Amino acid sequence: MIKIADQAIDIQACIDAAQSERAGAIDVFIGTVRNHNNAKDVVRLEFEAYDSMAVKKMEELANKARERWDIEKIVMIHRKGVLQIGDVAVVIAVSTPHRAASFEACQWLIDTLKTVVPIWKKEIYEGGEEWLEAHA
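In every chain, residue numbers begin from 1 and rise along the written sequence. Note on the predicted model: pLDDT of at least 70 is required for a residue's local features to be given, and 80 or more for side-chain atom pairs to be given and counted; whole-chain, interface and lining totals, by contrast, use all residues. Processing note: side-chain calculations cover all non-hydrogen atoms of the structure and skip hydrogens and water entirely.

Caption draft 1: Structural view of the nonpolar core. Note on terminology: a nonpolar core comprises buried Ala, Val, Leu, Ile, Met, Phe, Trp, Tyr and Cys residues joined through side-chain atoms within 4.5 Å. Each residue is placed in one exposure class: buried if its accessible area under a 1.4 Å probe, protein chains only, is under 20% of its type's maximum, exposed if it is over 50%, and partly exposed if it falls in between. Formed by 31 residues in total, the largest nonpolar core has its most connected members in Met-76, Ile-92, Leu-109 and Leu-113. Top element by residues in this core is helix α3 (residues 99–116). It accounts for 7 residues. Note on definitions: a residue-residue contact is assigned when non-hydrogen atoms from the two residues lie within 4.5 Å. If we ignore the near neighbours within four places in the chain, the residues touching Leu-109 are Leu-61, Ala-62, Ala-65, Ile-74, Met-76, Ile-92 and Val-94. One finds Ile-9, Val-75, Val-88 and Ala-93 within the second-largest nonpolar core, a separate group that totals 9 residues. Each helix is a run of DSSP H or I of at least 4 residues and each strand a run of E of at least 2, with the numbering of both proceeding from the N terminus.

See below:
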């Protein structure tokens, strides 16, 4: 399951989708909207995505991860639109036979997603707004 969503992400559904009888581990990354960044009070975030290209890039990342690690299943869902403080912005779940690969693959996926997938984030502050550059 790899997609860009315009509705709330169901975390349990992501975990369920990553389940595999061959997997001894599922690592889950949940990225949430925090109320501060760079000494500024964040009011909300706005995400924009080039949906078809973003999904294509996410699928490419999943394929690269499968080449590097013994992965059973990968789930990657990123929200777009207006998100409030505490909302879930991204979920990545990776199931593998052993925990080390699950941890490594999940971290690599989120770090790489943030730098290569065409999803843009704007932070809205008490007194302004700013588009943020991708970073790992």
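Caption draft 2: Representation of helix α2 (residues 51–68) in the model. Compared with an ideal rise of 1.5 Å per residue, which puts 18 residues at 26 Å, α2 spans 26 Å between its outermost C-alpha atoms and is within 8% of the ideal. Regarding α2, the residues found buried are Ala-54, Met-58, Leu-61, Ala-62 and Ala-65. All buried residues of α2 lie within an arc of 100° about the axis, which places them on one face of the element. More than 90 degrees from the buried face of α2, the exposed residues found are Ser-52 and Glu-67. In this structure, the buried residues of α2 make contact with β1 (2–5), β5 (73–79), α3 and β8 (119–125). One less than the number of residues in a helix, times 1.5 Å, gives the span that helix is expected to have. Think of the arc as the fan of directions from the helix axis to the C-beta atoms.

Caption draft 3: Here's a closer look at the sheet that holds strand β7 (residues 88–96). The 4 strands lie next to each other as β1-β5-β7-β2, forming an open sheet whose pairing is mixed. Both edges of this open sheet fall to β1 and β2 (25–32), since each of them pairs with a single strand only. Each strand axis lies, on average, 10° off the axis of its neighbour in the sheet, ignoring direction. Criterion used throughout: strands pair if DSSP finds at least two bridges between them. Axis geometry follows a simple rule: fit a line to the C-alpha atoms, using only the stretch in contact for helices, then measure angles between N-to-C directions, giving values from 0 to 180 degrees.

Caption draft 4: Region of the structure containing the pattern of salt bridges. What makes a salt bridge here is a side-chain nitrogen of Lys or Arg within 4 Å of a carboxyl oxygen of Asp or Glu, nothing more. Applying the stated rule across the entire model yields 7 salt bridges. Measuring nitrogen to oxygen at the nearest pair gives 2.7 Å for the salt bridge that ties Lys-80 to Asp-51. Taken together, the residues Lys-80 in the loop between β5 and β6 (81–84) and Asp-51 in helix α2 connect sequence positions 29 residues apart. Across the salt bridge formed by Glu-60 and Lys-57, the nearest N and O atoms sit 3.7 Å from each other. In this pair, Glu-60 and Lys-57 are both assigned in helix α2, 3 residues apart and thus about one turn of the helix distant. Salt bridges here are not isolated pairs; linked through shared partners, they connect Arg-44, Glu-46, Lys-122 and Glu-129.

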